[in-house]
Amino acid sequence: MHFGRLVRGSATLLALAGTMVACSTPPRSDAGVEDVRNLRDGSVTLPSFFDATPDSGVVLDSGVVEDTGVPLDTGVSPLDAGRDGGDAAVDVPTPPATTNVRFVYALPPGTPPSVDICVRRTGSMDFAGPLVRAARGGMGNGLDLLQVTRYFAVPTGTIDVVLVAGSAMDCSTPVLPPMGGLNVGAANGHRTVVISGIPAPGPDGGPQPFPFAGRVITDVAPNSVGAGATALRAVHAIPSTTRLDLGIVLGGTAIDVVLFSAVGFGEVGGPPGMGDAGPGMYPNGYYSSVPIAAPGVTVGLRANCGGTGCGPLTSVMGVTTTERSITSVFLALQLRAGVPTPVAIFCRDDAPPVGANSQCLVQPM
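Residues numbered from 1 in each chain as written. Predicted model: local features only at pLDDT ≥ 70, side-chain atom pairs only at ≥ 80, totals over all residues. Heavy atoms only, no water.

Q: Please set out the sheet that holds strand β9 (residues 158-165) residue by residue, giving values where relevant.
A: Spatial ordering of the open sheet is given by β7-β6-β9-β10, a layout of four strands whose pairing is antiparallel. Where the open sheet ends on each side, the last strands, each with one partner, are β7 (143-144) and β10 (179-183). Alignment of strand β6 (residues 114-121) against β9, held across seven bridges, turns out to be antiparallel. Considered in β9, the bridge of Val 115 is made with Ala 165. (Pairing = 2+ DSSP bridges. Helix = DSSP H or I, 4+ residues; strand = E, 2+ residues; numbered from the N terminus.)

This is the structure in structure tokens:
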């Protein structure tokens, strides 16, 4: 187990909520941008969240590999072939239904820096995977912290997931506790499993207030947003008791337009005044808006204060969205200059994957 390097105690993380301060670090790119290619037409493609100047601090997940099929344990036995008068009669089992699932590795600093993912239908014997390695043609080093996989076809209903080292060749040696009985829904849907929490006992060996788990959220289909519109949602994966607000900053140091209010750890954001909004508002946590054109807007994050004009505030500048785009924002932690710092993982859910990963940007807040 690799739990010993976890940030010491949850007190450090709890204290973070009252002292969230933006950090700036030199930008970096994981690979040559010229090698990021659209899997559909071969043209160069970059997510369009930010006006990505050299000072943007954007981390790009790049490097294209060929997409390969990943075999899953379907529970289907070999073909039943019988003979009658020399003629072979073959009963072909109906392939089991599958759905689309991706994974967000949003654990806090101190956990394994990279993992790979193994999946099986609950009740079956063997795991399929490691999925990321298979999707990269047997190469690579798994899924790094704050990265998001592409959608994989997995069995419908409930599945079990184990995480192995990013360099693992098989599913035999988990590095984190297993995640069993995750309900990923019916056939042909879209789900995201947010791997979050703290995989260690709580203070004094008691219950962990932010338990490690795979938290399943429902996604809309990538092509479901109509012309002239865009959709945005926020997911809180920072292990903290503080509820967060996310919204638009028009000027100064306060949120002027609150989009998501009082979002707690493990939750998908809802609108201000959720009690008065009615069940039809913010379906699956998505806020519907018109596209945000360049030069973009400033998105602010603060501890919930029940109103506007209050802080302290951290922010990301130059956020844009395009027509028909779907954006998921996963709030997590990253170690910067030795300090756990809030970051936002902006994912373009409507964009094609880049190899084994979704198209996402990591931006400090």
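Q: Mind laying out unusual backbone geometry, listing which residues take part and the relevant values?
A: Note that the residue after Gly 129, namely Pro 130, is joined by a cis bond; omega there is 0 degrees. Secondary-structure assignment places Pro 130 in the loop between β6 and α2 (131-135). Omega for the peptide link from Ala 294 to Pro 295 comes to 5 degrees, which places this bond in the cis form. Structurally, the position occupied by Pro 295 is in the loop between β16 (287-289) and β17 (297-303). A positive phi angle, close to 55 degrees, is found at Ala 262, a residue other than glycine. In this fold, Ala 262 is placed in strand β15 (residues 257-263).

Q: Account for the state of the cysteines, naming residues and giving values.
A: Working definition: the covalent bond between the sulfur atoms of two cysteines is a disulfide. For the coordinates displayed, the defined rule picks out two disulfides. With its sulfur 2.1 Å from that of its partner, Cys 118 forms a disulfide with Cys 171. Note on the Cys 118 and Cys 171 pair: the S-S dihedral is about -90 degrees, so by sign convention the disulfide is left-handed. One end of the pair, Cys 118, is in strand β6; the other, Cys 171, is in the loop between β9 and β10, and 53 residues separate them in sequence. Cys 171 shares its class with Cys 118; the two are buried. (Disulfide = S-S within 2.5 Å. Buried < 20%, exposed > 50% of the residue type's maximum accessible area, 1.4 Å probe, protein only.)

Q: Mind laying out the packing of aromatic side chains, listing which residues take part and the relevant values?
A: For the coordinates displayed, the defined rule picks out one aromatic pair. Seen from their ring centres, Phe 210 and Phe 265 are 5.5 Å apart, and the 85 degrees between their planes marks the pair as edge-to-face. One end of the pair, Phe 210, is in the loop between β11 (190-196) and β12 (213-218); the other, Phe 265, is in the loop between β15 and α3 (274-277), and 55 residues separate them in sequence. Taken as a pair, Phe 210 and Phe 265 share a single burial class, namely buried. (Phe/Tyr/Trp six-rings, centres within 6.5 Å; stacked < 30°, edge-to-face > 60°.)

Q: Tell me about the sheet that holds β11, and please be specific about residues and values.
A: An order of β8-β5-β11-β12 is seen for the four strands of this open sheet, with the pairing classed as mixed. Each end of this open sheet is capped by a strand with a single partner; those strands are β8 (152-155) and β12. Ignoring which end each strand starts from, the neighbouring axes of this sheet average 40 degrees apart. The sheet contact formed by β11 and β12 spans six bridges and is antiparallel. In the sheet register, Ser 196 faces β12, and the bridge partner there is Ala 213. (Axes fitted to C-alpha atoms, helices over the stretch in contact; angles between N-to-C directions.)

Q: Outline the pattern of salt bridges, supporting the account with residue identities and numerical values.
A: Across all of its chains, the model carries seven salt bridges by this definition. Residues Arg 102 and Asp 219 are paired through a salt bridge, measuring 3.9 Å at the closest nitrogen-oxygen approach. Of the two residues, Arg 102 sits in strand β5 (residues 98-105) while Asp 219 sits in the loop between β12 and β13 (230-236), which places them 117 residues apart along the sequence. Neither residue differs from the other here; Arg 102 and Asp 219 are each classed as buried. (Salt bridge = Lys/Arg side-chain N within 4 Å of Asp/Glu carboxyl O.)

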